[in-house]
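# Structural characterization, general
The primary structure of each chain is shown beneath.
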2 protein chains.
Amino acid sequence: MAAVTYKLIKQCRQSGARLGKLITPHGEIDTPVFMPVGTQASVKGISPEELEAVGAKIILGNTYHLFLRPGHELIREAGGLHKFMNWNGSILTDSGGFQVFSLSDLRKITEEGVHFRSHLDGAKLFLTPEKVMEIENALGADIIMAFDECAPYPSTYEYTKRSLERTTRWAERCLNAHKNTEKQSLFGIVQGGTFAELRKQSAREIVSLDFPGYAIGGLSVGEETQIMYDMLEETVPLLPSDKARYLMGVGRPDNLVEGVIRGIDMFDCVLPTRIGRNGTALTSKGRIIVRDAKYAHDYGPIDPECDCPACRNHTRAYIRHLLKAGEMYGLRLVTIHNLRYLQRLMAEIRQAIMDDRLLDFRDEFYAKLDGNRP
Amino acid sequence: MAAVTYKLIKQCRQSGARLGKLITPHGEIDTPVFMPVGTQASVKGISPEELEAVGAKIILGNTYHLFLRPGHELIREAGGLHKFMNWNGSILTDSGGFQVFSLSDLRKITEEGVHFRSHLDGAKLFLTPEKVMEIENALGADIIMAFDECAPYPSTYEYTKRSLERTTRWAERCLNAHKNTEKQSLFGIVQGGTFAELRKQSAREIVSLDFPGYAIGGLSVGEETQIMYDMLEETVPLLPSDKARYLMGVGRPDNLVEGVIRGIDMFDCVLPTRIGRNGTALTSKGRIIVRDAKYAHDYGPIDPECDCPACRNHTRAYIRHLLKAGEMYGLRLVTIHNLRYLQRLMAEIRQAIMDDRLLDFRDEFYAKLDGNRP
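Residues numbered from 1 in each chain as written. Chains lettered and ligands numbered in written order. Predicted model: local features only at pLDDT ≥ 70, side-chain atom pairs only at ≥ 80, totals over all residues. Heavy atoms only, no water.

### Notes on the overall build of chain A
What counts is decided by this rule: Under the scheme used here, helices are H or I runs from DSSP no shorter than 4 residues and strands are E runs no shorter than 2 residues, and both carry numbers assigned from the N terminus. Based on C-alpha atoms, the radius of gyration is set beside the globule rule, defined as 2.2 Å times the residue count to the power 0.38. The rule is simple: take the accessible area with a 1.4 Å probe, protein chains only, and divide by the maximum for that residue type; under 20% is buried, over 50% is exposed, in between is partly exposed. Contacts are assigned to residue pairs that have any heavy atoms within 4.5 Å of one another. Here the open area of atoms and residues is found with the Shrake-Rupley method and a 1.4 Å probe, where only the protein chains shown may cover a residue.
Of the regular secondary structure elements, chain A holds 15 helices and 16 strands. Relative to the globule expectation of 21 Å for 374 residues, the C-alpha radius of gyration of chain A, 20 Å, shows essentially globular dimensions. Along the three orthogonal principal directions, the C-alpha set of chain A runs to about 60 × 50 × 40 Å. The 374 residues of chain A split such that 61% are buried. Taking all contacts inside chain A whose residues are at least 6 apart in sequence as the whole, residues at least 24 apart take part in 66%. Split by element, the accessible area of chain A, about 14000 Å² in all, is 48% carbon and sulfur.

Given below as structure tokens:
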């Protein structure tokens, strides 16, 4: 029995979307779920208690960052990532594949692995599927991801094909190298860029390796949104229905609704924390740039529908002042609001699946936005 | 009856230090008390709930900063500073005197007031005692401070004398201009630099104006610590025993102990928040530079004696990692620890007064430090 299992509860009779449970050594998680990102063993500015209070049950850690600093051996020594950061919920670590390709310098990909330089100090480093498994085993997350190549967008058909085939070989090496199967489950990653045929090839190859869960990687990397939806429609039907399906790096509210409709169970993204630090709040009526002058005298909450500490305790005028004045507490408030907004959105999505009306919910979602940016 | 009153409960039979209560429209405060500084309507990085949880009953706001941004009229419109920042405890606002002299550019002092340029945008501004009262009345703090000149250190005897005499005339103008005496109490400020004779002159003049409380300003501005203690010994005996005595801008732990022994009831300082953001923690054994390499593998709390969230929930190794990685949550944790440390220290000081053993407590305090920096 895998450390992490997925239980399908029901499918929406209107949309086919899945309501389920992900069961990990650290608890049960209602799906579809959004996972906040704690890149460096901290969801930026937010305490573990606050994360729990906004309703997060599972968060992400970034293998690449934690490998560089403080180092996976230190985290192993500290008792693993859960204990190191004092988070008692579940954790998923990515494989570092995306970061190696987006953050590091001078990378060189070989069949064996990737040579690159640290973005922190320029140190020469080498990651292989086996090394990534060693790191992720040391970090001890409930769900760990296979080491993949996230091909740049755009890439040619030929490059994307060679890349996904190497990702399949690396996935097999990850399966063989993963040591801690009793407490950690290794998910495979489907690649294939924006080519339907290659997405299908990758899905078939990765599924044939029999992972306890599957991710779809390499989307939301610059392509048109419709292309992402098309790729999901090509890929998801090839994934087994008794395993969780995770769309990596996606968190824009409309993408969450559309992703769930296309059969996705798990999402992660830095969007709520990143735009929060930039003073932008997510609401059901679209984004609010809280630092805008028009909110200077606005003594209402960011979002009257929200029950987060920022909305319960503070006004737009106050939070705008904090942001303008460069006060940390302002960033903290908008971040926590955004995290809560996405947790509430996912809860509404789950309820709509339960009620067999997710397509109606989508219509209402877009109607509320009224053309504003989601 | 003044809006804010002081009630002397007892004096330490060993040291003469005072145990008392400050009663404001927002509650009762045990004294001696340390007041965290919330310069721009926020104690940096910390929520009002967290402030309450560390035991703070009264905080400071800075008139100069709030006048510049967001402006006192906006805060008046928001219902005052308490409501604007959602702090239900007491607030004291300084008069902006110190900031005008330390932060602004191109200041020019006349009998009428001070011309200066905003440190934010260079705008030409003019503050008078009457204008400062208008601003502080708009902010609505429980305790407001008279507009004074904090003479630079070192200053000549002649300059300091002229300056303190002008400060006395300004204090009288503040008394006449203060409009909201039912809800706000105006405290006078004793100046006089490092000259015992001038400190006494200022104390006599300011006390003759009959304020509901008295502050000692212009100390801890660069002079030797012993000079500060000497000035307190010259000044405090001239202050009436039925009013609170506030030593402005002082917060180093040893200065708090020594200040209380010399009859001080109230303190404020940016020290716990400023050094917290710098990764330095206050403990009874001296300061800890949490980012030091020696704590990389230290899985104990910052301070085993502390009950704050940082010490209850996280290790030195984790907090060091956050600080090294530039994570906001690290600054937040060290800041909250430092705030809690000073609240605990003040509670211990109050207990030692109650037990008539504050001089013994001082000995123990220094012994625990064992030569380390307090």
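### Re the relation of the copies chain B and chain A
Operational definition: Superposition of the copies used a least-squares fit over C-alpha atoms from residues whose pLDDT is at least 70 in both.
Laying chain B over chain A is done by rotating through 180 degrees and shifting 0.0 Å along the axis; what remains is an RMSD of 0.0 Å. Given the turn and translation reported, the copies of this chain are related as if by a two-fold rotation axis. For chain B, the minimum C-alpha distance to the rotation axis belongs to Met 328 of chain B and amounts to 3.9 Å.

### What about the sheet that holds strand E1 (residues 5–11) of chain B?
All names here are of chain B. Where we set the bar: Between any two strands, at least two bridges found by DSSP are needed for them to pair. Throughout, an axis means a line fitted to C-alpha atoms (over the contacting stretch in the case of helices), and angles, computed between N-to-C directions, take values from 0 to 180 degrees.
Here three strands make up an open sheet; going across it, the order is E1-E2-E3 and the pairing antiparallel. The sheet is open, and its two edges are formed by E1 and strand E3 (27–31), each paired on a single side. Taking the axes of each pair of neighbouring strands and ignoring which way they run, one obtains an average angle of 20 degrees across the sheet. Both E1 and strand E2 (residues 18–24) contribute to a ladder of six bridges, which runs antiparallel. Its bridge partner lying in E2, Gln 11 is registered against Arg 18.

### Observations concerning helix H7 (residues 157–177) of chain B
Residue and element names in this part refer to chain B. Put simply, the test is: One less than the number of residues in a helix, times 1.5 Å, gives the span that helix is expected to have.
Relative to the 30 Å expected for 21 residues at 1.5 Å per residue, H7 spans 30 Å between its end C-alpha atoms, a close match to the ideal helical length. Of the residues making up H7, those classed as buried are Thr 160, Ser 163, Leu 164, Arg 166, Thr 167, Thr 168, Trp 170, Ala 171, Arg 173, Cys 174 and Ala 177. The elements touched by buried residues of H7 are strand E7 (105–109), strand E8 (114–117), helix H6 (129–139), strand E11 (185–190) and helix H8 (196–208).

### Quick look at helix H15 (residues 358–369) of chain B
Residue and element names in this part refer to chain B. Which entries qualify depends on this criterion: In this description, one arc is meant: the one made by directions from the helix axis to the C-beta atoms.
Between its first and last C-alpha atoms H15 spans 16 Å; for 12 residues at 1.5 Å apiece the expected length is 16 Å, and the two agree. Residues of H15 that are buried include every one of Leu 358, Phe 361, Arg 362, Phe 365 and Leu 369, and no others. Viewed end-on, H15 has its buried residues packed into an arc of 105 degrees, placing them on one side of the element. In this fold, the buried residues of H15 make contact with helix H10 (253–261) and helix H14 (328–354). Following H15 by one or two positions, Asp 370 has its phi on the positive side, about 55 degrees.

### Some remarks on the nonpolar core
Formally: We define the nonpolar core as a collection of buried residues of types Ala, Val, Leu, Ile, Met, Phe, Trp, Tyr and Cys that are connected through side-chain atoms lying within 4.5 Å of one another.
Grouped together as the largest cluster of nonpolar side chains are 191 residues, with contacts concentrated most on Leu 358 of chain A together with Leu 358 of chain B. In this view, Leu 358 of chain B contacts Cys 12, Gln 14, Ser 15, Ala 17, Val 260, Ile 261, Ile 349, Ala 352 and Ile 353 of chain B; residues no more than four positions away in its chain are not counted.

### Brief notes about the pairing of strand E6 (residues 90–93) of chain A
For a regular strand, side-chain orientation follows a simple rule: the groups alternate between the two sheet faces. All names here are of chain A. Alternating positions in E6 separate into two faces, Ser 90 and Leu 92 on one and Ile 91 and Thr 93 on the other, with burial throughout. In terms of strand pairing, strand E5 (residues 58–61) meets E6 through four bridges, oriented parallel. From the neighbouring strand, Ile 58 faces E6, where its bridge partner is Ser 90. Taken together, the two bridges between E6 and strand E10 (residues 143–145) define a ladder with parallel strand orientation. When the bridges of E10 are listed, Thr 93 appears paired with Ile 144.

### Description of the interface of chain B and chain A
By a frequent convention, interface size equals the accessible area lost on bringing the separate parts together. Quick note on the threshold: The buried area of a pairing is the accessible area, by a 1.4 Å probe, that goes missing from both parts when the two are put together, added over both. The term salt bridge refers to a side-chain nitrogen of Lys or Arg lying within 4 Å of a carboxyl oxygen of Asp or Glu. Identification of polar contacts relies on pairs of N or O atoms within 3.5 Å, with a donor-acceptor requirement for protein atoms, meaning one able to donate a hydrogen and the other able to accept it, and with residues adjacent in sequence counted only if both atoms are side-chain atoms.
In this complex, chain B contributes 36 residues to the contact, which on the side of chain A involves 36 residues. With both sides pooled, the region where chain B packs onto chain A buries about 3200 Å², and carbon together with sulfur makes up 54% of that total. Area buried by chain B at its contact with chain A is led by His 321, Glu 327 and Met 328 of chain B, which between them contribute 20% of it. Ionic pairing is found between Arg 332 of chain B and Glu 50 of chain A, a salt bridge with its closest N-O pair at 2.8 Å. Remark: the boundary between chain B and chain A carries 26 residue pairs in polar contact (both at pLDDT 80 or more). Those elements that place two or more of their residues in the side of chain B that touches chain A are helix H1 (48–54), helix H3 (72–77), helix H4 (81–85), helix H13 (316–324) and H14 of chain B. Broken down by element, the side of chain B that touches chain A gets its largest block of residues, five residues, from H13 of chain B.

### Observations concerning the side chain of Ser 163 of chain B
Within the secondary structure layout, Ser 163 of chain B lies in helix H7. On the basis of relative accessibility, which here comes to 1%, the residue Ser 163 of chain B falls in the buried class.

### Details of the pattern of salt bridges
Following the criterion strictly, the structure yields 50 salt bridges over all chains and no others. One salt bridge in this structure joins Glu 364 of chain A and Arg 357 of chain A, with 2.3 Å as the shortest N-O distance. Taking the shortest distance from any N to any O, the salt bridge between Arg 169 of chain B and Glu 111 of chain B comes out at 2.7 Å. Of this pair, Arg 169 of chain B sits in helix H7 while Glu 111 of chain B sits in the loop between E7 and E8, and the two are 58 residues apart along the sequence. The partly exposed category is assigned to Arg 169 of chain B, whose relative accessible area is 38%. Overlapping salt bridges, with partners in common, bring together Glu 50 and Arg 332 of chain A together with Glu 50 and Arg 332 of chain B in one network.

### Looking at the environment of Gly 263 of chain A
Residue and element names in this part refer to chain A. Counting through the fold element by element, Gly 263 comes out in the loop between helix H10 (253–261) and strand E14 (266–269). Judged by its relative accessible area of 5%, Gly 263 is buried. What Gly 263 contacts, discounting residues up to four positions off in sequence, is Arg 18, Val 236 and Arg 245.

### A few points about the packing of helix H7 (residues 157–177) of chain A against helix H8 (residues 196–208) of chain A
Residues and elements named next belong to chain A. To be explicit about the condition: Roughly parallel refers to an angle under 35 degrees, roughly antiparallel to one over 145, roughly perpendicular to one between 65 and 115, and oblique to any angle outside these ranges. Note on residue classes: Ala, Val, Leu, Ile, Met, Phe, Trp, Tyr, Cys and Pro are nonpolar, Asp, Glu, Lys and Arg are charged, and everything else, Gly too, is polar.
The N-to-C vectors of H7 and H8 enclose an angle of 10 degrees; their axes lie 10 Å apart at closest approach. The pairing of H7 with H8 is recorded here as roughly parallel in orientation. Judged by residue contacts, Tyr 157, Thr 160, Lys 161, Leu 164, Glu 165, Thr 168 and Ala 171 of H7 engage Glu 197, Leu 198, Gln 201, Ser 202, Glu 205 and Ile 206 from H8. The residue inventory of the contact of H7 with H8, partitioned by class, reads five nonpolar, four polar and four charged.

### Focus: the environment of Thr 335 of chain B
Residues and elements named next belong to chain B. Relative to the helices and strands, Thr 335 resides in helix H14. The exposure class assigned to Thr 335 is buried, which follows from its relative accessible area of 0%. Distance from Thr 335 to Arg 274, taken between C-alpha atoms, is 7.8 Å for residues 61 residues apart in sequence. Thr 335 has contacts with Lys 44, Ile 46, Pro 272, Thr 273, Gly 276 and Arg 277, leaving out every residue within four places of it along the chain.

### Notes on unusual backbone geometry
A negative phi angle characterises most non-glycine residues, just as the trans form characterises most peptide bonds. With an omega of 5 degrees, the peptide bond between Thr 31 of chain A and Pro 32 of chain A qualifies as cis. Assignment of secondary structure puts Pro 32 of chain A in the loop between strand E3 (27–31) and strand E4 (33–36). A cis amide bond links Arg 69 of chain B to the next residue, Pro 70 of chain B, at an omega of 10 degrees. Here Pro 70 of chain B lies in the loop between helix H2 (63–68) and H3. Look at Ser 220 of chain A: it is not a glycine, yet its phi comes out positive at around 60 degrees. Its place among the elements puts Ser 220 of chain A in the loop between strand E12 (213–216) and helix H9 (225–235). Looking at Ser 220 of chain A, the relative accessible area reads 37%, which means it is partly exposed. In the Ramachandran plot, Asp 210 of chain B falls in the positive-phi region, its phi being about 60 degrees despite a non-glycine side chain.

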